[in-house]
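Spelled out from the first residue to the last, the chains are:
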Amino acid sequence: MGYLMPENELIQVLTQIIDSFTRFLPNVALSAVILITGYVVGRAAGKVTVAIAKMIKIDESFGKTAIGKQLILAGYPFSKIASILVRLVIYVLTIMAALSLLQIEILNEISLMIAAYIPRLMGAIIIFLLGIMLVDWITDVVERLIPEEAVPRSIVATLATSFKYILYMVLIFVAFDVAEIAPHIVASAAQAVFLVAAISVGLTFALLIGLGLKEEAIVLVSSEAEMIKPGMRIEVNGVKGSVRRVSTFLIEVEDNEHNIHVIPKRELLQKGFKILK
């Protein structure tokens, strides 16, 4: 025969449930108010962030960077990214505040973990976005500081581009380190990347200098050969004519009889040339 709960015990259980619900209901209502308020504040803060970013014209500076151009083409200028981040922080903090009122232990623990991680994540994103503009500014300054008379522009542009992407890699590793995303893996990856880069540069110079390309390597770093431009009249190795085309290692000269002569630039350095008026 089954056990029947006495009427007084049943009333006591129902009373406890109603009391618990009554105590819990104000917290639920207050949590809902906090969520609605946080949503409104987040939207307003996002619009203010966009207005400030456009006022200081940070989108223009961001658009001049290599990564910034791609993000803008994808529909994410700096102002929009900043707006998303501001709204995201406000929404997350609002949700955590609402959950804390519910006094559910597991949700409180999760909220505390998220709250502790948000500053690291935001710091990493801010470092990355501002670092992009700083990297491009540094490489532009370095490129302008190198005198054209000392190093050809083509070599300067190549070195500046290489330097820029190396700094981009450093920036990514710094952002990952700040965000504490797999720190051991990031450290190992950084060491591997820079080791490969160093070996690649070393092998390139070894091939240029050690495997019969020493003279071509000299052409790359010589500013004298860079003086020759298409349309100029020159005399080299007994050939007089107009320069039709200039490549990295060769020039094409058309003489007075309309014959085309392909002359290696190394001959210009070895035998000399004369610019004709």
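Our structure is the block above this text.
These numbers were taken from a predicted model, which means no experiment stands behind them.

Things to note about the pattern of salt bridges
Here is step 1: Applying the stated criterion across every chain, the model contains 2 salt bridges.
Here is step 2: A salt bridge links Asp136 to Lys164, with the nearest nitrogen and oxygen atoms 3.5 Å apart. You can see Asp136 sitting in helix H5 (residues 105-145) and its partner Lys164 sitting in helix H6 (residues 153-178), a full 28 residues away along the chain. Both residues of the pair, Asp136 and Lys164, count as buried.
Here is step 3: A salt bridge links Arg244 to Glu254; its shortest N-O distance comes to 4.0 Å. Taken together, the residues span a long stretch of sequence, with Arg244 in strand E2 (residues 239-246) and Glu254 in strand E3 (residues 250-255) at a distance of 10 residues.
Here is step 4: Exposure remark for Glu254: the relative accessible area of 24% places this residue in the partly exposed category.

Thoughts on the sheet that holds E3
Here is step 1: Reading across from one edge, E4-E3-E2-E1-E5 is the order of the 5 strands in this open sheet, with antiparallel pairing throughout. Each end of this open sheet is capped by a strand with a single partner; those strands are strand E4 (260-264) and strand E5 (274-276). Across this sheet, the average inter-strand angle for adjacent strands is 45°, counted without regard to direction.
Here is step 2: Inspection of the sheet shows strand E1 (residues 233-236) paired to E2 by 4 bridges, in the antiparallel sense. Of the residues in E2, the one forming a bridge with Glu235 is Lys240.

How each quantity is defined
Residues numbered from 1 in each chain as written. Predicted model: local features only at pLDDT ≥ 70, side-chain atom pairs only at ≥ 80, totals over all residues. Heavy atoms only, no water. Salt bridge = Lys/Arg side-chain N within 4 Å of Asp/Glu carboxyl O. Helix = DSSP H or I, 4+ residues; strand = E, 2+ residues; numbered from the N terminus. Buried < 20%, exposed > 50% of the residue type's maximum accessible area, 1.4 Å probe, protein only. Pairing = 2+ DSSP bridges. Axes fitted to C-alpha atoms, helices over the stretch in contact; angles between N-to-C directions.

In short, geometric facts, not functional conclusions.
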